[in-house]
Amino acid sequence: MGDYQFQDRQPQVMKDNVYLLGEAIERAPELKGVPTGVKGFDELFFKVEWEEGKPVKKPLGGIPEYAVVNLTGMPDTGKSLMAEQFTVKQASLGQKVCFVTVESPAAFVAAGLKQRATAMGIDFEEIENNIILIDAASNSKLRDDIPTMLDTLAYVYRTYHCRKTVIDSITGLFEAKEMLARSIVRAFFNFMKKWYQTAIFVSQKRSGHDELSAEAAGGYAVGHIVDCTVVLSKEILLSPNRAKAFKKELGDILRILRIDGCRLCGHDTRLHLMEITELGLVEVKEPLVEYLKGAK
Ligand SMILES: Nc1ncnc2c1ncn2[C@@H]1O[C@H](COP(=O)(O)OP(=O)(O)O)[C@@H](O)[C@H]1O
Ligand SMILES: [Mg+2]
């Protein structure tokens, strides 16, 4: 008998997790955009509103509020810069941002944030008390013991009333235990939801991964669990044909950004050119197809 081992079991009904749609909607957040400080990026998200009997596409002006966004790419594609721009922008708007650094110790991240603020024309004094750093790079217990990290996050959320979180990087939290990637990402994702965070999880791709796929270290774990995935790629144009095809010079860098998916709102699905300016700011440019048309 297939169910014989359950014979003596008493039913355990999780009534707290059963909702009538009408009750659940009462607690549903309104769809709003959270500006990222990355030029050209916020316009790629939109919502649909009903106007005069027709659905109309309206720009969201940022990533959807309370979303957990996975920002993935190979090394040097601009993930940390984008994460820092988001942090500085939100702090400049008076939001408290919790920045969990897993790769680079706090002092280096602070220096990076200061540079980003300068490049964005934002006074450091305006933001320094709005950004709370958790230095997991310098503390292996924070990196390796998930409950300790979550307790520390909860402490920060309670003390500073944060509603924005950046983790750079989430893959750094399962470096030596990739088989646990799914459960670790899931634990952080659920925690963000519980605390109503709008979050950016940076995740690293490996050289074996397809450049523009949503896959990151730990397999598809990250992409499947989060609300939204943004992929960054970089190619050095080393062949004359390839350079010519993209209307660039031999040796130029071709940077591309793509929103792989977002389950909370509508979004642009095209490949977009991307640049890292001399000041160290990520900017999203026109869609690749438009660029290729225009550059003919
Ligand atoms: N302050 C800066 N000024 C100019 N370029 C920068 C600056 N900081 C970083 N970059 C460029 O941006 C690239 C991407 O940086 P980063 O966001 O740290 O990459 P990732 O986090 O994806 O590994 C760097 O390799 C560098 O070329
Ligand atoms: Mg980085």
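Because the structure is a prediction, the values reported are computed rather than measured.

Observations concerning helix α3 (residues 106-120)
Here is step 1: When the terminal C-alpha atoms of α3 are compared, their 21 Å separation across 15 residues agrees well with the 21 Å that a helix rising 1.5 Å per residue should span.
Here is step 2: Of the positions making up α3, those classed as buried are V109, G112, L113, R116 and A117. Within α3, the buried residues cover an arc of 140° as seen down the axis, which keeps them to one side. In α3, those exposed residues whose orientation departs by more than 90 degrees from the buried face are A107 and A111.
Here is step 3: In this structure, the buried side of α3 is in contact with α2 (79-92), β6 (97-101), α4 (124-127) and β7 (131-135).
Here is step 4: Two residues or fewer after α3 comes G121, characterised by a positive phi angle close to 75°.

A word on the packing of α2 against α3
Here is step 1: Close contact between α2 and α3 brings their axes to 9 Å; oriented N to C, the two are set at 70°. Taken as axis vectors, α2 and α3 run roughly perpendicular relative to one another. Pair α2 / α3 crosses with right-handed handedness. Here E84, Q85, T87 and V88 of α2 come into contact with α3, specifically with G112, L113, R116, A117 and M120.
Here is step 2: Here the residues of the contact of α2 with α3 are counted per class, giving four nonpolar, three polar and two charged.

As for unusual backbone geometry
Here is step 1: The omega angle of the peptide bond from D168 to S169 is 5°, so this bond is cis rather than trans.
Here is step 2: Among the structural elements, S169 can be located in the loop between β8 (164-168) and α7 (181-194).
Here is step 3: Phi at Y196 takes a positive value of approximately 50°, unusual for a residue other than glycine.
Here is step 4: With phi around 55°, K247 is a residue other than glycine that occupies positive phi space.
Here is step 5: One can find K247 in the loop between α9 (240-245) and β11 (253-262).

Reading the values: rules and limits
- Residues numbered from 1 in each chain as written.
- Chains lettered and ligands numbered in written order.
- Predicted model: local features only at pLDDT ≥ 70, side-chain atom pairs only at ≥ 80, totals over all residues.
- Helix = DSSP H or I, 4+ residues; strand = E, 2+ residues; numbered from the N terminus.
- Expected span 1.5 Å × (residues − 1).
- Buried ≥ 20, exposed ≤ 12 C-beta atoms within 10 Å, placed from the backbone.
- Arc of directions from axis to C-beta.
- Contact = placed C-beta atoms within 7 Å.
- Axes fitted to C-alpha atoms, helices over the stretch in contact; angles between N-to-C directions.
- Parallel < 35°, antiparallel > 145°, perpendicular 65-115°, else oblique.
- Left-handed = near helix turned anticlockwise from the far one by under 90°.
- Nonpolar A, V, L, I, M, F, W, Y, C, P; charged D, E, K, R; others polar.

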